[in-house]
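# Working through the structure, step by step
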Amino acid sequence: MKKQKVFIVGAGGQVGSSAAYAMAIKQTIQEIVLIDLHPDIANGQAMDITDAATFTNGVIVRAGDYSEIADDDIVVICSGAAQKPGQTRLDLLSVNASIISDVVKQIVAGGKNPYILLITNPVDVMTYEAVKASGLSRNRVFGTGTTLESARLRAALAEKFKVSANQINAYALGEHGDSTFTVLSQATIGGIPLANFPGYNYDIVANIDKEVSEKVYKIINTKRATFYGIGQVISEIVAAILRPVPTIYPVCSLLDGEYGLQDVVLSVPSSVSSDGVHPIEGYRLSQGEYAKLQNSARVIRGAINSMK
Ligand SMILES: NC(=O)c1ccc[n+]([C@@H]2O[C@H](COP(=O)([O-])OP(=O)(O)OC[C@H]3O[C@@H](n4cnc5c(N)ncnc54)[C@H](O)[C@@H]3O)[C@@H](O)[C@H]2O)c1
């Protein structure tokens, strides 16, 4: 089997370098190639992470460029502006849209067919832009979506119910942004429905949507950026793309009729594997949750239309 590489565009920054570090330490993939508008910074990050990687069984981390990308390689895009205190993700729309379109054209130049994983915010809209600019299939271009919010949800439930987060199966869906919502009706802890779990009462989870969606602001207001959480999310999803057996993540991709939604990118439970990303139909949403999914679709469609 051909040896795949992962390329990280925007790797000079905090998110890209954290993702490279997470992948190097976990030995997710054998070769990590860093690209940035400032090649010297990409090179510096590569040298630093290479030092850390000497304590693994051998991972190559180096700076490189777009010409090296081959079919089936994985390209992670985190280039562009990040939220500053007081900004929402949608405030980054116009500055990041032109960066993404430019970067994507360089990735697919010459008709290449890689997998593209979007991180840059607002990630749902940037993923839409990347699908259109690349001409690739919707199964090969997707974003981390609400995987980070879902990790935040699991962290919050783990703290409230005093259990290990990896025993919790629960999703936040919709927009990676202020309109994201949690699907508590389907959440389980160790296979037990959340509402039946010892210690459960509605008051404990009444504010959980807000807790999950506002965590980003709490982090940015203190340390000015978020990068370790998303770095690990990227490492996990890249590992999933390398495996033939699918793993389910709430990533965002272009919907084509799933959940009654068309021509919009948002997060629903999806299978991720070497066959790409496939939204999974049949996840049961309550009426209220479905209305929130439609609200996220409205917010994202509005942002997409504002770019046209
Ligand atoms: N999807 C998520 O869950 C999630 C989570 C955290 C951050 N983010 C987003 O990730 C992005 C990066 O955040 P960060 O904190 O690393 O920002 P940063 O400013 O630290 O890094 C951005 C990097 O992109 C590079 N860059 C800019 N234009 C480029 C271009 N045209 N080509 C190549 N490289 C280019 C810059 O040189 C810089 O090194 C932001 O949009 C942020 O909002 C997304």
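Residues numbered from 1 in each chain as written. Predicted model: local features only at pLDDT ≥ 70, side-chain atom pairs only at ≥ 80, totals over all residues. Heavy atoms only, no water.

Right, let's talk about the pairing of strand β16 (residues 276-279) for a bit. Side-chain direction in a regular strand flips from residue to residue, so the side chains alternate between the two faces of the sheet. With four bridges joining them, strand β15 (residues 270-273) and β16 adopt antiparallel strand pairing. Its bridge partner being in β16, valine 272 is matched across the sheet by valine 277. Hairpin geometry of β15 and β16 is characterised by an intervening segment of two residues between the two adjacent antiparallel strands. (Pairing = 2+ DSSP bridges. Helix = DSSP H or I, 4+ residues; strand = E, 2+ residues; numbered from the N terminus.)

Before going further, it helps to examine the environment of arginine 140. If you trace the backbone, arginine 140 turns up in the loop between α4 (123-134) and β6 (141-143). Remark: the alpha-carbon pair of arginine 140 and methionine 47, spanning 93 residues in sequence, is separated by 30 Å. Those residues in contact with arginine 140, other than ones at most four positions away along the chain, are Asp72, Asn113, Pro114, Tyr115 and Ile116. From its side chain, arginine 140 meets the backbone oxygen of asparagine 113 in a polar contact 2.7 Å long. (Contact = heavy atoms within 4.5 Å. Polar contact = N/O pair within 3.5 Å; in protein donor to acceptor, adjacent residues only side chain to side chain.)

Before going further, it helps to spend a moment on the site of the ligand. Near the ligand there are 26 residues, and of these Val15, Asp36, Ala81, Ile119 and Asn121 occur at the shortest range. A distance of 2.8 Å separates an oxygen atom of the ligand from a polar atom in the backbone of valine 15. One of the side-chain nitrogen or oxygen atoms of histidine 176 is found 3.1 Å away from an oxygen atom of the ligand. Listing elements by their share of the shell around the ligand, those giving two or more residues are α1 (14-26) and α3 (93-108). Of all the elements, α3 adds the most residues to the shell around the ligand, at three residues. Its residues assigned to classes, the shell around the ligand comprises twelve nonpolar, 13 polar and one charged. (Near = heavy atom within 4 Å. Nonpolar A, V, L, I, M, F, W, Y, C, P; charged D, E, K, R; others polar.)

The three strands lie next to each other as β12-β15-β16, forming an open sheet whose pairing is antiparallel. Here the strands that pair on one side only, and so sit at the sheet edges, are β12 (247-249) and β16. Taken pair by pair, the neighbouring strands of this sheet meet at an average axis angle of 30 degrees, ignoring direction. Its contacts with the sheet place helix α8 (residues 228-242) against β12 and β15, and it is angled at close to 70 degrees to β15. (Axes fitted to C-alpha atoms, helices over the stretch in contact; angles between N-to-C directions.)

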